[in-house]
Amino acid sequence: MQRRTVLLIVAAILLAALLVVFGLYNRGNPVILDFGLVRWRGEAVLALYGAIFLGLALMFLIGLPADLATRRELRRLRRRVDELEREEPAREPPAREPTA
């Protein structure tokens, strides 16, 4: 494995461990979230994890159209390259005349 991959795995494990420790220390702390029409009562840890999950889901949904557009463009370019390769086989560059 590459060094960067190992570092990413270690960082992910440390982050998960920190989240577990945070959850253990803050369990049972009540919190009330008032959204205007809706009021939610629950634990602070659930509110934090819910906010993280909603943020990740929103990032995914907002970035999805750009990702799909990029895939379509790459697919179009790949088809164009294949067409050009079929139309004209690779040619040798013209030989240069020796200069004296």
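Preceding block: the structure.
Remember, it's a predicted structure, so these values are computed and weren't measured experimentally.

Conventions adopted
- Residues numbered from 1 in each chain as written.
- Predicted model: local features only at pLDDT ≥ 70, side-chain atom pairs only at ≥ 80, totals over all residues.
- Heavy atoms only, no water.
- Helix = DSSP H or I, 4+ residues; strand = E, 2+ residues; numbered from the N terminus.
- Rg over C-alpha atoms; globule rule 2.2 N^0.38 Å.
- Buried < 20%, exposed > 50% of the residue type's maximum accessible area, 1.4 Å probe, protein only.
- Areas by Shrake-Rupley, 256 points an atom, 1.4 Å probe, with all protein chains shown as cover.
- Lys, Arg positive; Asp, Glu negative; His and termini not counted.
- Charge placed at Lys NZ, Arg CZ, Asp CG, Glu CD.
- Salt bridge = Lys/Arg side-chain N within 4 Å of Asp/Glu carboxyl O.
- Pairing = 2+ DSSP bridges.
- Patch = residues over 30% accessible without salt bridge, like charges linked within 9 Å, V, L, I, M, F, W, Y side chains within 5 Å.

Caption draft 1: Seen up close, the overall build of the protein. Tallying secondary structure elements over the protein gives 2 helices and 2 strands in all. Helices and strands in the protein line up, N terminus first, as α-β-β-α. For the protein, the C-alpha radius of gyration of 27 Å lies well beyond 13 Å, the compact-globule estimate for 100 residues. Across its three principal directions, the C-alpha atoms of the protein cover 85 × 40 × 25 Å. Counting only residues that meet the buried cut, the protein has 3% of its 100 residues in that class. Surface accessibility of the protein: about 9700 Å² in total, with carbon and sulfur atoms responsible for 66%. Charge centroids of the protein, computed over 15 positive and 11 negative side chains, lie 10 Å from each other.

Caption draft 2: Here's a closer look at the pattern of salt bridges. Per the counting criterion, the structure on display carries 4 salt bridges. Here Asp 34 and Arg 39 are joined by a salt bridge, their closest N and O atoms 3.4 Å apart. Taking relative accessible area as the criterion, Asp 34 reaches 49% and is therefore assigned partly exposed. Taking the relative accessible area as the measure of exposure, Arg 39 reaches 52% and is therefore exposed.

Caption draft 3: Examining the pairing of strand 1 (residues 30–34) more closely. Pairing of strand 1 with strand 2 (residues 39–43) involves 5 bridges; the strand directions are antiparallel. Following the sheet pairing, Asp 34 is matched in strand 2 by Arg 39. Taking the residues that link successive antiparallel strands as the turn, the strand 1-strand 2 hairpin has 4 residues, and the phi of Gly 36 there is positive, at about 95 degrees.

Caption draft 4: Seen up close, a nonpolar patch on the surface. A surface patch of nonpolar side chains, amounting to about 710 Å² of accessible area, comprises Leu 15, Leu 19, Phe 22, Leu 48, Tyr 49, Ile 52, Leu 56 and Met 59. Counting only elements with at least two residues in the nonpolar patch, the list comes to helix 1 (3–25) and helix 2 (44–87). When residues of the nonpolar patch are assigned to their parent elements, the largest contribution, 5 residues, is made by helix 2. When you line up the elements, Met 59 lands in helix 2.

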